[in-house]
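# Topology and contacts: notes
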Amino acid sequence: MAQKGVQLDRETFSCSICLDLLKDPVTTPCGHSYCKNCIQSFWDGEDEKRSHSCPQCRQTFTPRPVLLKNTMLAAVVEELKKTGLQAAPADHCYAGPEDVGCDVCTGRKLKAFKSCVQCVASYCEKHLQPHYDVAPLMKHKLVEPSQKLQENMCSRHDEVMKMFCRTDQQCICYLCSVEEHKGHDTVSAAAERTERQRELEGSRLNIQQRIQDGEKDVKLLQQKVEVINRSADRAVEDSEKMFTQLIRLMQKRSSDVKQQLRSQQESEVSRVKELQEKLEQEITELKRKDADLKQLAHTEDHNQFLHNYPSLSPLSESTLSSSINIPLRYFEEVTAAVSQVTDELQDVLRQKWTNISQTGTEVDVSLSAEPKTRAGFLKYSRDITLDPNTAHTLLLLSEGDRKVTFMRQQQSYSHHTDRFTGWWQVLSRESLTGRSYWEVERSGGVDVAVAYKNISRAGGGHECGFGCNDKSWMLYCDNNSYTFYHNNVHTPVSGRPSSRLGVYLDHRAGVLSFYSVSDTMTLLHRVHHTFSQPLYAGVGFDYCSYGSTAEFCKLK
């Protein structure tokens, strides 16, 4: 309570101009007191107006009043000074180079608390008080302290610009509206602010929606990153296991071949050594017999020679080297077989590795959102050609198999199991995976479709018709309307008929969209589905719509 009393004294005996304790206090005719120098300096600046006002209550005086010293206040202030009481505000209350200063403060200026648009001046909290107490000032518009108040003044008429010229898109004052802006579309600045505020809020809502969509897409991308990482980790782990199994199998086969070769080697060597021993024994026996014959041949006694000759045993059949065939190579068949297996395995790896590489590099990390412009769609454009082997015999293909016409006469197509026999339809040669975009220029009633390759072809049942089964999706287009068909369920589609239709497919994301293409891209219908097989583009025709055409456009 004591502190509150001191604060009251400090405010009561302070000059509202310098905010310090009164020095040589004088009192104006309206009863407010100021430092003599402060009020004189303030009125010196008003001399050209020929009237002088009180800085607090704005009461005017003509002529300039004579100021007399307030001796009672002077005595009280001197007594307060003896107590050490100071009314000067703290340094942080003064305006710095970057702050808006009070336009009323003399000497060192305090920070402005508010700026007045009508007065085109800024006030500290003390000098702002009249705007809260004086009725005419209470109607003034106060804003946050601003150094740009002068920009609210008309440079031509020195009046506050309270109006806005929509014709010239600029702020003007009232005099401008009746002079150089006469006849223009003018409104109050407040009304224009309200309109622009509404637009601003709409822009903010749009931005906030885009932020939400972007954050959602970021989350989807993060999820996609996690899915890709998990899938890649699982694929690496599985492939390592399979390659490890393959390496082990190759090592086992290598060990088996090695073991087989060593076994055959041992068998062959054993057989050859056995033959070698027999030959060596035969040679030894022949040498012994040769020695006996030599001894007999040197016998001089004829009777002895004849007596001993019959005792020599006859020679047995020879098994010497004339019966031995030494091959140039052994185990060539095994080497050739291993070589053949190696070549075949390399061929398989080369063929399959291309598929593995393509599959590994086709990871789609794009946003699930579709392109917004035709230029964006054209980045995914595909050249589509029609497969004559699938065309019904009443369909004529031309323009390099890009255009099809519904004819009355049968075409001379050869028999083929892929041909539609009961529905006037044809499919593309190209299979569609990943992201694809194509456009069809049509005349008459045309079915623009996609289908799995295993859609039935023979007969006129629902299993063969585009949109009549779970293997195809079709948008029917004529000069009046659109209808979407899938699994024999039809859905009316609104939209202005167009001769050119765009089809966007994001196979992995499971998105199929149909667009009307003119100066702009207009979405007609979008499908979300988990596609289990590659898709093929197709077109078909309605009953008796002879002469109707559909052409897949060249987009590149």
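Residues numbered from 1 in each chain as written. Predicted model: local features only at pLDDT ≥ 70, side-chain atom pairs only at ≥ 80, totals over all residues. Heavy atoms only, no water.

The name given to the protein in an unreviewed UniProt entry is Tripartite motif-containing protein 16-like, with the source organism recorded as Cottoperca gobio.

A separate point is the sheet that holds strand 23 (residues 535-541). Judged by pairing direction, the sheet is antiparallel, and its six strands sit side by side in the order 14-23-16-17-18-19 without closing on themselves. Looking at strand neighbours, the two that pair on one side only are strand 14 (425-432) and strand 19 (489-493), the edges of this open sheet. Recorded for the sheet is a direction-independent mean angle of 20° between the axes of neighbouring strands. (Pairing = 2+ DSSP bridges. Helix = DSSP H or I, 4+ residues; strand = E, 2+ residues; numbered from the N terminus. Axes fitted to C-alpha atoms, helices over the stretch in contact; angles between N-to-C directions.)

With that settled, the discussion passes to unusual backbone geometry. Across the junction of Thr62 and Pro63, the peptide omega takes the value -5°, indicating a cis bond. When you line up the elements, Pro63 lands in the loop between strand 4 (60-61) and strand 5 (68-69). Even without glycine at this site, Gln169 takes up a positive phi of about 55°. Within the element layout of this structure, Gln169 appears in the loop between strand 9 (163-165) and strand 10 (170-172). Positive phi values are uncommon outside glycine, yet Asn487 reaches one of about 55°. Residue Asn487 is classed as partly exposed on the basis of its relative accessible area of 41%. (Buried < 20%, exposed > 50% of the residue type's maximum accessible area, 1.4 Å probe, protein only.)

A separate point is the nonpolar core. As a rule of thumb, nonpolar side chains are buried together in soluble globular proteins. Grouped together as the largest cluster of nonpolar side chains are 36 residues, with contacts concentrated most on Val404, Trp438, Val448, Trp473, Leu475, Leu512 and Phe552. Leaving out residues up to four positions away in the same chain, Phe552 has contacts with Ile384, Leu386, Arg402, Trp438, Glu439, Val440, Ala537 and Val539. Residues Phe13, Ile17, Tyr34 and Phe61 belong to the second largest nonpolar core, which totals 18 residues. (Core = buried A, V, L, I, M, F, W, Y, C linked by side-chain atoms within 4.5 Å. Contact = heavy atoms within 4.5 Å.)

The predicted model of the protein averages 85 in pLDDT, with 90% of residues at 70 or higher. Of the regions scoring below 50 in pLDDT, residues 1-8 engages in one contact with residues more than four places distant in sequence or in other chains. Predicted confidence is poor over residues 360-367, with pLDDT under 50, and the contacts of this stretch with residues over four places away or in other chains come to 15 contacts. (pLDDT = per-residue confidence, 0-100.)

As enumerated under the stated definition, the model contains 20 salt bridges in all. Between Glu370 and Arg526 there is a salt bridge, with its nearest N and O atoms 2.7 Å apart. Placement of the pair is Glu370 in the loop between helix 9 (332-361) and helix 10 (374-378) and Arg526 in strand 22 (residues 521-528), with a sequence separation of 156 residues. Taking the shortest distance from any N to any O, the salt bridge between Arg402 and Glu551 comes out at 3.4 Å. Remark: Glu551 occurs in strand 24 (residues 549-552) and Arg402 occurs in the loop between strand 12 (395-398) and strand 13 (403-406); sequence separation between them is 149 residues. (Salt bridge = Lys/Arg side-chain N within 4 Å of Asp/Glu carboxyl O.)

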